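# Structural features, examined
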Amino acid sequence: MLPPGLKSPREVNLYYDEVYFSLIKSGQAHPFIYPWATGGAAIVLLYLLIDHRKSPVLRWLRFPVFAFLVAYQGWCIATNRARSPAAAFGVGLISSWGTLWVAAIMIANDCQTDFRRIERRSSNDKVGPNGTVTNGSVRNQLTNQTTKSASDPVTPTTNDISPKHEQLLYWQSYPSSSFLSRMDWVADVFCSFRGVGWNWQTSGIPPPPKWVEDQLRQHEEAGGDKPSSMAVTTSRSGVRRFANRAELIRNTAINITIGYIALDIIVTLMHKDPYFWGYVESKAPAHLPHVIQDSDFLTHVYRLLLSLAGIYAALATIFKLGPAFFCGVLGPRWLGVRGEAWMNPADMFGSYNMVFTKGLAGWWGGWWHQTFRFAFEAPTTRLLEVTGIDKRSAAGKALSLFIAFFLSGCLHAAGSYTQLGDTRPLLGPFRFFMLQAMGILAQTLAIQQMRNMGLLKSCPKLLCQAANFVLVHIWLYYTAPLLVDDFARGGVWLFEPIAFSPLRGLGFGAPDDQFFAMWHGLAWWRTGDHWWDTGIAL
């Protein structure tokens, strides 16, 4: 628990510095140090670089390799700590996420035999058995959905047909040729959390331009014109996919600029409210209007909205750095097909309209980012196959729902556990995510019951949307504090997402805030007593 009397976020950070160095000095915790913190992932990568498709023994070895990863990452969560409060959260989140991701690609699936990605080849090259997919619907391979109905229809805004290319696209399986090719393939599967350009691409992402699909069907000449600068497809959930590089870069630059300004405003406001430093029971700050200060309800709403804005703005802006770097800075010249605009979807979040139409399920399954979706779904998919439960059945849907939120709760609880503050991993983040599953199930059952009773036939569309909106926000009003209060106790809101703050430089933040918002203790060189405790510490 924070000691009383700390007067600014800077003083809170200095207090956590003392806590961190005290834990390390006393031996109660170990510093989280790179590259040694990547030991578990390194073993997995080395294993995946060995072609095990023709060896039953090597294929079986993925289970003990995964067991080693679980033990190593579990040790990191149990004993490793970071100096920066935000980095401390990352220790648990990254360690648990790495374990879950490897389970998805190596245990629930065998990536060497099950996965293929889009790659480019010369038109003069012959494609052998390692990498060519000539049959079946490309659209189905891209979405990896068993339901071929309009589960995620797209709306093309222009005719996106390309002329003949000297280099053609094809499906590449795990390469058996050069070591560098395997390294590139494995690194790609390790980092492609949404499966863009893979045959297991998650739902919610629109398909690539039509000429890409035509080439993947091995139509060397699709005909038509090259996509215009406004060529874009949009999925049902609102995620956009640009076909033109200049348009994607322009859109990304605008959004990064807006995100930077928004983050400066949000962090400045957080620095003026002790709640966001960790004093979760503090009164409303004096700079707020009296109508908010005098109302516990309005103070609660203000802090929840500012917390939501902080999470959304930070994630949305960080996610925009991907297209900016991979498509804008490196581009096709250095990354090949992975530097193309259509391989870098513009959005990670969907449209908020999903909340109006789907309620709480639309909030989490359509509007909110789907970065972890494949890893959440993969264990359930395998479990349903083993048990023979139809995933479209009520039992299958309920099992999928609760396993996904259980895993999400575990990820965030692990991040909470490794923080330096007085957090409550199980009663806070974990309980929050399990309650979301219960809320979705309850709303789904209630809607089904009302539909069976014929109550929704005459209900106006606007009234149904308004009911969804109100229900979602009432539910989150009562459940979200389990998560955001824990973030505050652990110090997540102390993270500096931007290096330079014009607002705080002009004196709008805490008294000791400065223009240069230095990333205090986020990463630093540590020289320990041994080689294994020397490196880049978080």
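Model, not experiment: these values are computed from the prediction. (Residues numbered from 1 in each chain as written. Predicted model: local features only at pLDDT ≥ 70, side-chain atom pairs only at ≥ 80, totals over all residues. Heavy atoms only, no water.)

### Observations regarding the nonpolar core
For soluble globular proteins, nonpolar side chains are generally found buried alongside one another. Put simply, the rule is: In this description, a nonpolar core means a group of buried Ala, Val, Leu, Ile, Met, Phe, Trp, Tyr and Cys residues linked to one another through side-chain atoms lying within 4.5 Å. Buried, partly exposed and exposed residues are distinguished by accessible area as a fraction of the type maximum, computed with a 1.4 Å probe on protein chains only: under 20%, between the cut-offs, and over 50%, respectively. Numbering goes from the N terminus for both helices and strands, where a helix is a DSSP run of H or I of at least four residues and a strand is a run of E of at least two. For this analysis, residues touch if any pair of their heavy atoms sits within 4.5 Å.
With 77 residues, the main nonpolar core has Leu-48, Met-106, Phe-115 and Trp-364 as its most contacted residues. Here this core gets 10 residues from one element, more than from any other, and that element is helix 5 (residues 85-107). Setting aside chain neighbours within four positions, we find Phe-115 in contact with Ile-105, Asn-109, Asp-110, Ser-173, Tyr-174, Trp-185, Val-189, Trp-198, Asn-199, Trp-200 and Phe-374. With 22 residues, the next largest nonpolar core counts Val-12, Ala-29, Phe-32 and Leu-538 among its residues.

### Some points on the sheet that holds strand 9 (residues 535-537)
To keep things clear, this is the line we draw: Criterion used throughout: strands pair if DSSP finds at least two bridges between them.
Spatially, 2-9-8 is the arrangement adopted by the three strands of the open sheet, whose pairing is antiparallel. At either margin of the open sheet sits one strand with a lone partner, and together these are strand 2 (33-34) and strand 8 (524-526).

### So, the environment of Ala-246
Relative to the elements of secondary structure, Ala-246 occurs in helix 10 (residues 245-271). Distance in space between the C-alpha atoms of Ala-246 and Ala-341 is 8.4 Å, their sequence separation being 95 residues.

### Examining the confidence of the model for the protein
Put simply, the test is: Across the chain, each position has a pLDDT score giving the predictor's confidence in that residue, from 0 to 100.
Overall, the prediction assigns the protein a mean pLDDT of 87, with 89% of residues at 70 or greater. Per-element averaging of pLDDT across the protein places helix 7 (residues 138-143) at the bottom with 47 and helix 19 (residues 481-490) at the top with 96. Between residues 132-140, whose pLDDT stays under 50, and residues either more than four places distant or in other chains, the model counts 20 contacts. Across residues 219-230, where pLDDT falls below 50, the model places 29 contacts with residues more than four positions away in sequence or in other chains.

### Overview of the pairing of strand 5 (residues 167-172)
Counted residue by residue, strand 5 has five buried out of six residues, so it is predominantly covered. For strand 4 (residues 117-122) and strand 5, the ladder comprises six bridges, and the chain directions are antiparallel. In the sheet register, Arg-121 faces strand 5, and the bridge partner there is Leu-168.

### Considerations on the pattern of salt bridges
Rules: Basic side-chain nitrogens of Lys or Arg form a salt bridge, by our definition, when they fall within 4 Å of a carboxyl oxygen of Asp or Glu.
Enumeration according to the criterion identifies 20 salt bridges in this entry. Here Asp-214 ties to Lys-210 by a salt bridge, and the two come within 3.2 Å at their closest N and O atoms. Of the two residues, Asp-214 and Lys-210 are both situated in helix 9 (residues 210-216); the distance of four residues between them amounts to about one turn of the helix. Of the residues examined, Asp-214 reaches a relative accessible area of 6% and is grouped as buried. Here Lys-320 ties to Asp-347 by a salt bridge, and the two come within 3.5 Å at their closest N and O atoms. Here Asp-347 lies in the loop between helix 12 (296-335) and helix 13 (353-358) and Lys-320 lies in helix 12, a separation of 27 residues in the sequence. Under the relative-accessibility criterion, Lys-320 is labelled buried at 7%.

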